[in-house]
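Letter by letter, the chains look like this.
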Amino acid sequence: MLRSNPKPRSQGYSFAAWHHFRMFAGAMAIAFSCIAGAPSAQAAACSDPLSAIAALPGSVSATLDFNSLRRFYGGSGGVCVWSAADAATLIKALTAVGEQGLDPRDFHLAELKGSDAIRDARARDLLLTDAALRYARDMRNGRLELESIESDIDFPRPVTDPVAGLRDAFATHSLAAWLASLPPSQPEYARLVAAYARYADMAAKGGWVIIDTPAKAVKPGEASPLVPTLRRRLAAEGDLDAADASATGSRLDGALVAALKRFQDRHGLSADGVVGRKTLEALNVAAADRAAQIAVNLERWRMLSGAISPTRVEVNAAAATAKLIVGGAPVLEMRAVVGKKKTPTPILRSVISSIVVNPPWVVPSSIMRKEILPALTREPDYLEKNDMYWRDNQIVQAPGERNSLGRIKFELSSSFDVYLHDTPARRLFARDDRARSHGCVRLEKPLALAEHLLGNDTGWPRERIEGMIADGKTQRIPLTDEVPIVIVYWTSFVDEDGTVEFRDDIYGRDERLLDALRQHRFAQSGEPAAAAKSCGA
C-alpha cells in the first residue's frame, strides 16, 4: 500500500545517495545555466603561474597538487599554457563529470566559470592545469588507492603519469582526444554510466513508491491490497510495461508475476514470483540509493580498469558468478560459490597458468585447526570417511568423488592462495545466496571452462579431458598461453541487453569505499559537500 513521506530502507548508501544525487543535479544545472569558456586573455600574455598560488583563496590553494604543478610548469618553461579554446575544451569535459558519478566542484569549476570566476590569467592557468591533472588521475586511477581501504586486494595496476599525458596533449595539439581517452574504455563502464544517468534522473523526480510489509508473503495467484502499489513500483524501473501498470484488480497474476520475476532475477534473487522478505527489501531500496550504488561501482571501475584486459576470466564475487570474456564479449557464463562474509573472496588479478585434473586437496591450516581437528575429536574415523590422510603434518584429501576441489582445479598465483575449482556440492549452485566458501571460487561449469582455455592447444578435445578424469590420476596440464583472471566486486552492472543488475554489499566493500570517499571529500573541501546551486556556488 502507498504511504505518504515513507522512509526507504537505507542499505548503507544514505550519505552517497544524497551526495551523488546532489552532484548529478549540480552538474546538470551547471551544464545548462552557465556560459562555457575562459576569459579572452591568451596564454602567451602571462608567465610564472606558480607565483599565483599566494593570491588564491586558502580554500582553493589547499586543494592543489603542488608537486604535480611544479613538475608540469617546470617542463613548460614556467609560462602559461592554456589558450581560450583549450580552456573551453577542458571546461566542457569537466562540466560533464557528474554524469560519471563525480562532483564537478572538485575540479575548480566555480573558480573557472560564471560571474565569480577568477580573472587573473596566471591563477586561471594554474587552476586549469590542476583540474586537468586531477581529472586524468581520477579517471585513470580513481580518487583513492583501493589498497588503503581494503586489506584483501592483490590487483597490480599500470602506473600512469598525468603530467606527461597533459604535456604530450599540448605538444601534439590533441587535448580533446586525450581527455576523451581518460575514462575507462570497457563497454561495461559505458553501460553503467548510462544507467547512472537514468537512476539519478529517477531520484531527482522523486523516486518510486514504497510498499508496506504484508502480514505474510504474497504468492502468485493470491489477492493482496499491496498489488496496485506493486504495479506502480515495478513500472518505475521498466520491469512492468506501462500498459500493464494501468491494470486494475488486487490479484498477483499474469504480467505482474512475470514482471516481479524479472525484478527478482536482476537482483540476484530466486525468481519465484513471491513477494517475500528479500524481494520486499530490494523493492524498497530508494532510487537515490540505487544511483549511489551505481556511482560507487563506477569509482571501482576507474580504480581497476587499467588492469582489466579484453580477454579474461572474470569472477564477480558480489554476484557469485564467473564468465570467460574473449575480446570484450562473454563466451561462457556460470554461477559460482564464493567466500562467506567472514572469509571473503579477495579482489585480485593474476593469470591461470595450468589446470589440474583430479587434484588432491591440501587442507589449509586454518580449516584443519577450526574444523577438521574438532571433527576428529567427535569422530575418530573422520579422516577415513572423507578420504583424508596425514602427510608431513598436513591433512590431505585424496582425489575422487568426495574431494572438496572436485575433479578440476585452475591454478593461479596470488598472495592469498585462492584458486578456482570444481565441487561435489552441486546443490549450492541452485541457491541465490552463494557466499558459502572459505574464500576460493567453486565453479558451476569447470569442464566447459577447461575446454575453452585449452581450445588453443591441439590435442585437447573435451573427450580427452573426460578420459583423464575417469582415469583418476592427478595430472597437471600447463596452458600454452596463460589466461588473465580478475576477481572483482561489482554490486551493480549492466548486461549486454541493457538490463541493470544489483546485488547486496555482502562484504561491506561499497560501504567502506563510500565512507572513504566522504572523508576524502571532507579533507579536500574542509566542509561537508552541499548542493551546487549555480556556476559560482
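Refer to the structure above for everything that follows.
Summary of the structure given here. Computed from a predicted model, the values in this text were never measured in an experiment. (Residues numbered from 1 in each chain as written. Predicted model: local features only at pLDDT ≥ 70, side-chain atom pairs only at ≥ 80, totals over all residues. Heavy atoms only, no water.)

1. A look at the environment of T321
Inspection of the secondary structure assignment puts T321 in strand β3 (residues 321-326). Separated by 16 residues in sequence, T321 and V337 have C-alpha atoms that sit 7.6 Å apart. Once you skip the residues sitting within four places of it in the chain, T321 turns out to touch E314, V315, N316, M334, R335, A336 and R434. (Helix = DSSP H or I, 4+ residues; strand = E, 2+ residues; numbered from the N terminus. Contact = heavy atoms within 4.5 Å.)

2. Structural notes on the packing of aromatic side chains
Evaluation of the coordinates by the stated rule reveals 8 aromatic pairs. Look at F72 and F170: their rings are 6.3 Å apart centre to centre, the planes differ by 55 degrees, and that puts the pair in the tilted class. One end of the pair, F72, is in helix α3 (residues 66-74); the other, F170, is in helix α7 (residues 162-171), and 98 residues separate them in sequence. For the pair formed by F72 and F170, the shared burial category is buried. Taken together, the aromatic side chains of F72, Y73, W82 and F170 make up a single cluster linked through ring pairs. (Phe/Tyr/Trp six-rings, centres within 6.5 Å; stacked < 30°, edge-to-face > 60°. Buried < 20%, exposed > 50% of the residue type's maximum accessible area, 1.4 Å probe, protein only.)

3. As for the state of the cysteines
Linking two cysteines covalently via their sulfur atoms produces the bond known as a disulfide. Overall, the coordinates contain 1 disulfide when judged by the stated rule. At a sulfur-sulfur separation of 1.7 Å, the disulfide partner of C46 is C80. Judged by the sign of its S-S torsion, about -130 degrees, the cystine formed by C46 and C80 is left-handed. One end of the pair, C46, is in the loop between α1 (14-33) and α2 (58-61); the other, C80, is in the loop between α3 and α4 (84-95), and 34 residues separate them in sequence. Taken as a pair, C46 and C80 share a single burial class, namely buried. (Disulfide = S-S within 2.5 Å.)

4. Overview of the environment of V337
By the secondary structure assignment, V337 is in strand β4 (residues 329-339). A sequence separation of 105 residues divides V337 from R442, and the C-alpha atoms of the two residues are 5.0 Å apart.

5. Examining the sheet that holds strand β6 (residues 361-362)
Here we have 3 strands laid out as an open sheet, ordered β6-β8-β7, and antiparallel in their pairing. The open sheet has two edge strands, β6 and β7 (388-391), and neither has a second partner. Pairing of β6 with strand β8 (residues 394-397) involves 2 bridges; the strand directions are antiparallel. Bridging across to β8, W361 finds its partner in Q397. Seen against the sheet, helix α15 (residues 365-378) touches β6, β7 and β8 and runs at an angle of roughly 125 degrees to β7. (Pairing = 2+ DSSP bridges. Axes fitted to C-alpha atoms, helices over the stretch in contact; angles between N-to-C directions.)

6. Here we look at α3
Within α3, the full set of buried residues consists of S68, L69, F72 and Y73. Looking straight down α3, one finds that the buried residues subtend no more than 120 degrees of arc, so they occupy a single side. Residues N67 and G74 are exposed on α3 and point more than 90 degrees away from its buried face. Here the buried face of α3 lies against α6 (121-141) and α7. (Arc of directions from axis to C-beta.)

7. Concerning the nonpolar core
Where a protein is soluble and globular, its nonpolar side chains tend to be buried together. Counting 84 residues, the largest nonpolar core has W82, F155, L166 and L304 as the members making the most contacts within it. It is α6 that contributes the most residues to this core, 10 residues altogether. Not counting residues within four places of it along the chain, the set of residues in contact with L304 comprises L146, F155, R157, I347, V488 and W490. Core analysis: the next-biggest nonpolar cluster, separate from the first, contains 46 residues, V313, I372, M388 and I485 among them. (Core = buried A, V, L, I, M, F, W, Y, C linked by side-chain atoms within 4.5 Å.)

8. Considering the side chain of R233
Structurally, R233 can be placed in helix α10 (residues 227-236). A distance of 2.8 Å separates polar atoms of two side chains, one belonging to R233 and the other to E237. Among all residues touching R233, those that are not within four sequence positions of it are W208, V209, I211, F263, A282, L283 and V285. (Polar contact = N/O pair within 3.5 Å; in protein donor to acceptor, adjacent residues only side chain to side chain.)

9. Description of the packing of α10 against helix α12 (residues 254-265)
Following both chains from N to C, one finds α10 and α12 inclined at 50 degrees, their axes separated by 11 Å at the closest point. Between α10 and α12, the angle falls in the class oblique. For the pair α10 and α12, the sense of crossing is left-handed. In contact with V227, L230, R231, R233 and L234 of α10, α12 contributes L256, A259, L260 and F263. The class makeup of the residues in the contact of α10 with α12 is 7 nonpolar, no polar and 2 charged. (Parallel < 35°, antiparallel > 145°, perpendicular 65-115°, else oblique. Left-handed = near helix turned anticlockwise from the far one by under 90°. Nonpolar A, V, L, I, M, F, W, Y, C, P; charged D, E, K, R; others polar.)

10. Digging into the environment of A287
Tracing the chain through its elements places A287 in helix α14 (residues 287-304). Residue classification places A287 among the buried residues on the basis of a relative accessible area of 3%. As for A287 and G206, which are separated by 81 residues in sequence, their C-alpha atoms are 8.1 Å apart.

11. A word on the side chain of E111
Structurally, the position occupied by E111 is in helix α5 (residues 109-112). Apart from the residues lying within four places of it in its own chain, the contact partners of E111 are V60, A117, I118, R124 and L127.

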